[in-house]
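# Observations on the model geometry
The residues making up each chain are set out below.
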Amino acid sequence: MRIVIQRVKQAQVSVEQEVIAAIGQGLLLLVGVGPKDTAEDVHYAVNKIRQMRIFSDEAGKMNRSAADVSASILSVSQFTLFANTKKGNRPSFTGAAPAQKAQELYEFFNEELARHLPVARGQFGADMQVSLVNDGPVTIILDTQDNA
């Protein structure tokens, strides 16, 4: 899985000009699923995201986790995180998992994360418009296949 983690003051996702999910302070997650990803990747990502210390403490240091600050999560599926741009000018997305597998793991990821934090969700496969106020800015890329 490839997940872009953005610390936000607020974020929302709309489909056909209707807001379908919104959060205040928390994390916007852009979630891509690869063909080799499994439930083990989901568990690894969930644990990392909820425990990663990327929220500021009273001294301004990033010492608090999403769990520590009761952060909200906005999770948005994003197959384009697996774009291959090496050849030509049009990205290839053949590196992303097939839609059925991607949707199953994306939903499982959201369910597992929701066991720990409130999770709002985008709509899998929809043309979504995402807006956010990045806090920091803090943006981190998590790749479960590159967890050395």
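The following paragraphs examine the structure supplied in this document. (Residues numbered from 1 in each chain as written. Predicted model: local features only at pLDDT ≥ 70, side-chain atom pairs only at ≥ 80, totals over all residues. Heavy atoms only, no water.)

### Considerations on the packing of aromatic side chains
- Enumeration over the complete set of coordinates arrives at two aromatic pairs.
- Ring geometry for Phe79 against Phe93: centres 5.1 Å apart, planes inclined by 75 degrees, an arrangement best described as edge-to-face. With a gap of 14 residues between them, Phe79 in the loop between β6 (72-77) and α2 (99-114) and Phe93 in the loop between β6 and α2 connect regions that are remote in the sequence.
- A relative accessible area of 31% means that Phe93 is categorised as partly exposed.
- Taken together, a centroid distance of 6.0 Å and an interplanar angle of 40 degrees make the contact between Tyr106 and Phe124 tilted. Here the residue Tyr106 occupies a position in helix α2, and Phe124 occupies one in the loop between β7 (119-121) and β8 (128-143), the gap between them amounting to 18 residues.
- With a relative accessible area of 25%, Phe124 lands in the partly exposed category. (Phe/Tyr/Trp six-rings, centres within 6.5 Å; stacked < 30°, edge-to-face > 60°. Helix = DSSP H or I, 4+ residues; strand = E, 2+ residues; numbered from the N terminus. Buried < 20%, exposed > 50% of the residue type's maximum accessible area, 1.4 Å probe, protein only.)

### Some details on the environment of Thr139
- Within the secondary structure, Thr139 sits in strand β8.
- Expressed as a C-alpha distance, the spacing of Thr139 and Gly32, which sit 107 residues apart in the sequence, is 15 Å.
- Aside from chain neighbours lying at most four places away, what touches Thr139 is Val4, Ile5, Gln6 and Asn134.
- At a separation of 3.1 Å, a polar atom in the side chain of Thr139 contacts the side chain of Asn134. (Contact = heavy atoms within 4.5 Å. Polar contact = N/O pair within 3.5 Å; in protein donor to acceptor, adjacent residues only side chain to side chain.)

### Points about helix α1 (residues 39-51)
- In this model, α1 (13 residues) spans 18 Å end to end at C-alpha, consistent with the 18 Å of a helix rising 1.5 Å per residue.
- Regarding α1, the residues found buried are Asp41, Val42, Ala45, Val46, Ile49 and Arg50. What you see down the axis of α1 is that its buried residues fit within an arc of 145 degrees, all on one side.
- In this structure, the buried side of α1 is in contact with β1 (2-15), β3 (26-32), β5 (62-65), α2 and β8. (Expected span 1.5 Å × (residues − 1). Arc of directions from axis to C-beta.)

### Looking at the layout of surface pockets
- Its volume calculated, the largest pocket comes out at about 340 Å³.
- Lining the largest pocket are 22 residues, with Ser77, Gln78, Phe79, Gly125 and Met128 positioned closest to its centre.
- Secondary-structure elements contributing two or more residues to the lining of the largest pocket are β3, β6, α2 and β8.
- In terms of residue count, β3 provides more of the lining of the largest pocket than any other element does, four residues in total.
- Its residues assigned to classes, the lining of the largest pocket shows 15 nonpolar, six polar and one charged. (1 Å grid on protein atoms, 1.4 Å probe; cavity = no way out; pocket = protein on both sides within 12 Å on 5 of 7 lines; lining within 4 Å. Points joined across faces, edges and corners; volume = space filled by probe spheres on them. Nonpolar A, V, L, I, M, F, W, Y, C, P; charged D, E, K, R; others polar.)

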